[in-house]
Amino acid sequence: QVHLVESGGGLVQAGGSLRLSCAASGSIFSMNAMGWYRQAPGKQRELVAIISSGGRSTYADSVKGRFTISRDNAKNTVYLQMNTLKPEDTAVYYCNANLQTYYSGSNDYWGQGTQVTVSS
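Every value quoted in this text rests on a predicted model; they were computed, and no experiment measured them.

Peer 1: Quick rundown of the packing of aromatic side chains? Include the residues and the values.
Peer 2: Counted under the stated rule, the structure contains two aromatic pairs. Judged by centre distance (5.5 Å) and plane angle (80 degrees), the rings of phenylalanine 29 and tyrosine 102 are edge-to-face. A residue pair is termed long-range when its members are at least 10 positions apart, and phenylalanine 29 in strand E4 (residues 28–39) and tyrosine 102 in the loop between strand E9 (91–101) and strand E10 (106–110) qualify at 73 residues. For the pair phenylalanine 29 and tyrosine 102, one class covers both residues: exposed. If you follow arginine 45 out to its NZ or CZ, it ends over the ring of tyrosine 94, 3.7 Å from the centre. Just above the ring of tryptophan 110 sits the side chain of arginine 45; from NZ or CZ to the centre is 4.7 Å.

Peer 1: Now, about the state of the cysteines: what can you tell me, with residues and values included?
Peer 2: In this structure the tally under the stated criterion is one disulfide. Covalent S-S linkage joins cysteine 22 and cysteine 95, the inter-sulfur distance amounting to 2.1 Å. The sign of the -80 degrees torsion about the S-S bond sets the cysteine 22-cysteine 95 disulfide as left-handed. Of this pair, cysteine 22 sits in strand E3 (residues 18–26) while cysteine 95 sits in strand E9, and the two are 73 residues apart along the sequence. Relative accessible area serves as the criterion here: at 0%, cysteine 22 is assigned to the buried category. For cysteine 95, a relative accessible area of 0% translates into the label buried.

Peer 1: Let's hear about the pattern of salt bridges: which residues, and what values?
Peer 2: Should their charged atoms come close, side chains of opposite charge can pair. Taken as a whole and judged by the stated rule, the model has four salt bridges. With a closest N to O distance of 2.7 Å, glutamate 46 and arginine 38 form a salt bridge. On the accessibility criterion, arginine 38 (6% relative accessible area) is buried. In this structure, the salt-bridge partner of lysine 64 is aspartate 61, at a minimum N-O distance of 3.1 Å. For aspartate 61, a relative accessible area of 64% translates into the label exposed. Overlapping salt bridges bring together Arg38, Glu46, Arg66 and Asp89 as one network.

Peer 1: Go over unusual backbone geometry with me, naming the residues and quoting the values.
Peer 2: Even without a glycine there, the phi angle at asparagine 76 is positive, about 50 degrees. Structurally, asparagine 76 is set in the loop between strand E7 (67–72) and strand E8 (77–82). Asparagine 76 sits in the partly exposed class, given a relative accessible area of 22%. Even without being glycine, threonine 84 reaches a positive phi, approximately 45 degrees. Inspection of the secondary structure puts threonine 84 in the loop between E8 and E9.

What counts, and at which threshold
- Residues numbered from 1 in each chain as written.
- Predicted model: local features only at pLDDT ≥ 70, side-chain atom pairs only at ≥ 80, totals over all residues.
- Heavy atoms only, no water.
- Phe/Tyr/Trp six-rings, centres within 6.5 Å; stacked < 30°, edge-to-face > 60°.
- Helix = DSSP H or I, 4+ residues; strand = E, 2+ residues; numbered from the N terminus.
- Buried < 20%, exposed > 50% of the residue type's maximum accessible area, 1.4 Å probe, protein only.
- Lys NZ or Arg CZ within 6 Å of the ring centre and 35° of its normal.
- Disulfide = S-S within 2.5 Å.
- Salt bridge = Lys/Arg side-chain N within 4 Å of Asp/Glu carboxyl O.

Printed below as a string of structure tokens:
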């Protein structure tokens, strides 16, 4: 069984910073792309950033230049450094990982979500 555990969310003023972490655990054979999504109240879940196994990253236009995604393969962990936060960044942030376990093929796994609230 695989678990993704997120941490680092919270309340911050506009212009501030937060760093999210997501650690994967379980019978992991290999990790492919990892990413962060977010869902604001009344809106659909959207991609924030994604990073390939080789370290190539892609960002939503709304966060380019402010957010940085990174990963530590030795720790099966992905990070999201969020700077210059805006009230419109307020959402529940979800970690996603496409990974292969020792007993199954590659599948997508999701974390439980962590709340990020940016006050104006």
